[in-house]
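Below, each chain spelled out in residue letters.
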Amino acid sequence: MSADLPRFVVAAPASGHGKTTVATGLMLALRRAGLRVSGHKVGPDYIDPGYHALATGRPGRNLDPHLVGEDRIVPLLRHGASAEAGGPAAGVGASSGAPAGAGPADVAVIEGVMGLYDGHIGGDGFASTAHVAALTGSPVILVVDISHASRSIAAVVLGMATYEPGIRIAGVVLNKAGSERHSDEVRRALAPLGIPVLGVLHRDDNVTAPSRHLGLVPAAERPEAARSLDHLAERVATSLDLDIVMRIARSAPPLVGGPWDAAEALAGVGGGGADVRMGVGGAGVDDNDDDTARPRIAVAGGRAFTFRYAETVELLEAAGCSVAAFDPLTDEALPEGTAGIYLGGGFPEVHASELSANGPMLSSLGAAIAAGTPTVAECAGLLYLCRTVDGSPMVGAVPADAAMAPRLTLAYRRSTAPADSVLAAAGTAVTGHEFHRTAVSPAAGGADDSGTAPAWVSSAGAEGFVTGSVHASYLHTHWAGHPALAARFVARVRAFADTRRPARL
């Protein structure tokens, strides 16, 4: 199958040049120009896609060859831009006459990661922005911070444009210009290269986003984020030539192949179609059954749990489950009928005192886990299940204590499950990433007679905990790349739900 999807990548020579500022501003500016826009992020980052969702009105999506494999990059891009993946109007777009997020995207904006050619350490650029640009055949718009140079910027752009064959830098955005005289000097130096300057953004303290130990503060934690993005979109629309931007987007060649589909992914691992919709004893669930007939999986959300790939919920729903969000900060109990629990990433260390003060939720979670409810916890979820986080009492389902660490852990992993769990069979190999500035003690299960085992083992050692019906780990995995994880978890949820269902006469 072949289909056209106008698209471009927003890249930079290095981190800190303004990729997120320009990419997110372009998403909303194009949306306000009457286009449906899908936002995508190269790499595993969760925070930038939150801003993309605010700008586009549809879920932000990740494109990471390490997490999902090279062969799924185009299908996931197509999926994110498809009508089925669009969401309702959200955030700043709805208030300004911009089109709703639902429906097929008119243009896909792909924000890069780090510098254009920076990828997996030792991987010769694998999983870099350039790698994803090549896989998707996308032209590149290069954002360059010119605040500390003028004519030398041309040398940087020339090097970026010629370093790797097959990468097409189709335009340049000059960011953080000090004055018109300054930007004009840079324009004159760039002119012989034949790469158009799409616009100039001058220094503006009103478009900066606050940061902390893991990067930008998530949009969900910033009530003023919509207002800041509104201002940014206005600046981008008046400073950049959106017509040329769209001309660049439409120059991308047709994509070959169809979109990723959650049901097909599950069927490919023996966990889709009729098989995944059948409970223990043959109690089937079809697409027309209401939510009460489907096993319910409670998924943590709210300000403390903002890290989750959109495809995770899509896989759970495609497997016939009902997904119910809950906020560990404000809700006092798990959703009624919970048969499975998913605790994703976020910042429990920032909200430790509030999480600890919500005693009813801690008790509800503890009781559910003690009763055998299948539970998967990643990073923030691991911390929340520990006995304490920086001394604040938590759920206590994992025999460990968590605290802030002096150094950031940021790494891709290739990990193997050493023991059977609700998430993976022993010997299962996955790719994932770690992104945290905390540490747990002990670092992994199995070190004593507590009846636990490590969740994963990688070249960095053993980490995480398998205990009873819990799989808790620092490792983030993208289930679109490993749908067998979703299928196994759903099977355990179904089995648990069936044990609680009244016997039929």
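Anything mentioned here points back to the structure above.
Figured I'd write up the structure that's included with this text. (Residues numbered from 1 in each chain as written. Predicted model: local features only at pLDDT ≥ 70, side-chain atom pairs only at ≥ 80, totals over all residues. Heavy atoms only, no water.)

## Considering the overall build of the protein chain
Check the secondary structure of the protein chain and you find 16 helices and 23 strands. The buried share of the protein chain, reckoned over its 505 residues, is 58%. A fraction of 75% describes how many contacts in the protein chain between residues 6 or more apart in sequence connect residues 24 or more apart. A total accessible area of about 19400 Å² is found for the protein chain, and carbon and sulfur atoms account for 52% of it. (Helix = DSSP H or I, 4+ residues; strand = E, 2+ residues; numbered from the N terminus. Buried < 20%, exposed > 50% of the residue type's maximum accessible area, 1.4 Å probe, protein only. Contact = heavy atoms within 4.5 Å. Areas by Shrake-Rupley, 256 points an atom, 1.4 Å probe, with all protein chains shown as cover.)

## Quick word on the packing of aromatic side chains
Here a ring pair, both rings aromatic, is described through the centre-centre distance and the interplanar angle of the planes. For the structure shown, the criterion picks out seven aromatic pairs. Geometrically, the ring pair formed by Tyr 46 and Tyr 309 is stacked, given 4.5 Å between the ring centres and 25° between the ring planes. Highlighted residues: Tyr 46 in the loop between strand E3 (37-42) and helix H2 (47-56) and Tyr 309 in the loop between strand E12 (296-300) and helix H12 (310-318), separated in sequence by 263 residues. Tyr 309 sits in the buried class, given a relative accessible area of 3%. Look at Tyr 342 and Trp 479: their rings are 5.5 Å apart centre to centre, the planes differ by 75°, and that puts the pair in the edge-to-face class. Taken together, the residues Tyr 342 in strand E14 (residues 338-343) and Trp 479 in the loop between strand E23 (470-473) and helix H16 (483-500) connect sequence positions 137 residues apart. Each member of the pair, Tyr 342 together with Trp 479, is buried. (Phe/Tyr/Trp six-rings, centres within 6.5 Å; stacked < 30°, edge-to-face > 60°.)

## Concerning the pattern of salt bridges
Going through the model one piece at a time under the given rule, you end up with ten salt bridges. Across the pair Arg 32 and Asp 230 runs a salt bridge, and its minimum N-O distance is 2.2 Å. Separated by 198 residues along the polypeptide, Arg 32 in helix H1 (residues 19-32) and Asp 230 in helix H8 (residues 225-239) bring together distant segments of the chain. Given the relative accessible area of 25%, Arg 32 is considered partly exposed. Across the pair Asp 401 and Arg 387 runs a salt bridge whose closest N-O atoms are separated by 2.8 Å. Of this pair, Asp 401 sits in strand E18 (residues 401-416) while Arg 387 sits in the loop between helix H15 (380-385) and strand E16 (388-389), and the two are 14 residues apart along the sequence. Take Arg 387: its relative accessible area is 38%, and that puts it in the partly exposed class. A network of salt bridges, in which partner residues are shared, links Lys 41, Asp 48 and Glu 111. (Salt bridge = Lys/Arg side-chain N within 4 Å of Asp/Glu carboxyl O.)

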